[in-house]
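Understanding the architecture of this molecule
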Amino acid sequence: DRELAEYGFERALPRSRMGDELSSAQRQLVEIMRAVKSRMRILALDTSTEWCSVAVGVAGAWLERSEHVGQSHSERLLPMVDAALAAAQWVPADLDAIAFGCGPGSFTGIRIGCAVAQGLAFALDRPLLGVPTLEAIAVADGSDDVLCCLDARMREGYVAAYRRIDGRLTGVAA
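A few points on the structure. (Residues numbered from 1 in each chain as written. Predicted model: local features only at pLDDT ≥ 70, side-chain atom pairs only at ≥ 80, totals over all residues. Heavy atoms only, no water.)

Focus: the overall build of the chain
For the chain, the count of helices and strands is five helices and eight strands. The linear arrangement of helices and strands in the chain, starting from the amino end, is α-α-β-β-β-α-β-α-β-α-β-β-β. In the chain, buried positions account for 40% of the 174 residues. Taking contacts inside the chain between residues at least 6 apart in sequence as the whole, the part at least 24 apart equals 50%. As presented, the chain carries roughly 9800 Å² of accessible surface, and 52% of it is formed by carbon and sulfur atoms. (Helix = DSSP H or I, 4+ residues; strand = E, 2+ residues; numbered from the N terminus. Buried < 20%, exposed > 50% of the residue type's maximum accessible area, 1.4 Å probe, protein only. Contact = heavy atoms within 4.5 Å. Areas by Shrake-Rupley, 256 points an atom, 1.4 Å probe, with all protein chains shown as cover.)

Take a look at the structure:
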């Protein structure tokens, strides 16, 4: 928890089955936050909703591109990655890590984002970091109390509530 608390999180994700050690999702979140605070160059993708989003960033400064693509993620994602890298004046080899939204959300959208992120990470020999979508929304919001909701279709939704106490984000309900 000290590692999570250092970046403003407190038991934000489920614990591992091994007891008090960090779960793999928590370890990934800590690594992402370390990367953001460092000088690492990161490519982040999210395809979990009808929006396709790509961001490139270093030390907390981000260039972002988002488009409402419906079900055209597979057609738009790589051109958006190319455009974001060009806007930052980077080439893929300049990247230090690849992050992607790992859900919840559209099953096919997440598979597309994951596959592209995995392919880039493998080809570039870079670390791959999965970011829980609802948690990313809560972190980006910055409010003390955040209720995150995504349409799950078929009259259902993905919902999680978070509370920020003393700068630490805590999952209240999911």
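Description of helix 4 (residues 107-124)
Here helix 4 spans 26 Å end to end across 18 residues, near enough to the 26 Å set by a 1.5 Å rise per residue. Those residues of helix 4 that sit buried are Gly109, Ile110, Gly113, Val116, Ala117, Leu120, Ala121 and Leu124. Viewed end-on, helix 4 has its buried residues packed into an arc of 135 degrees, placing them on one side of the element. Of the exposed residues in helix 4, the ones pointing more than 90 degrees away from its buried face are Phe107, Arg111, Phe122 and Ala123. Of the surrounding elements, those touching the buried residues of helix 4 are strand 1 (41-46), helix 3 (73-88), strand 4 (97-101) and strand 5 (128-131). (Expected span 1.5 Å × (residues − 1). Arc of directions from axis to C-beta.)

Observations concerning the packing of helix 3 against helix 4
At their nearest, the axes of helix 3 and helix 4 sit 10 Å apart, and the two run at 35 degrees to each other. Of the two elements, helix 3 crosses helix 4, and the hand of that crossing is right-handed. Between helix 3, through His73, Ser74, Leu77 and Leu78, and helix 4, the contact on the second element is made entirely by Ile112, Gly113 and Val116. Of the residues contributing to the contact of helix 3 with helix 4, the split by class is four nonpolar, three polar and no charged. (Axes fitted to C-alpha atoms, helices over the stretch in contact; angles between N-to-C directions. Left-handed = near helix turned anticlockwise from the far one by under 90°. Nonpolar A, V, L, I, M, F, W, Y, C, P; charged D, E, K, R; others polar.)

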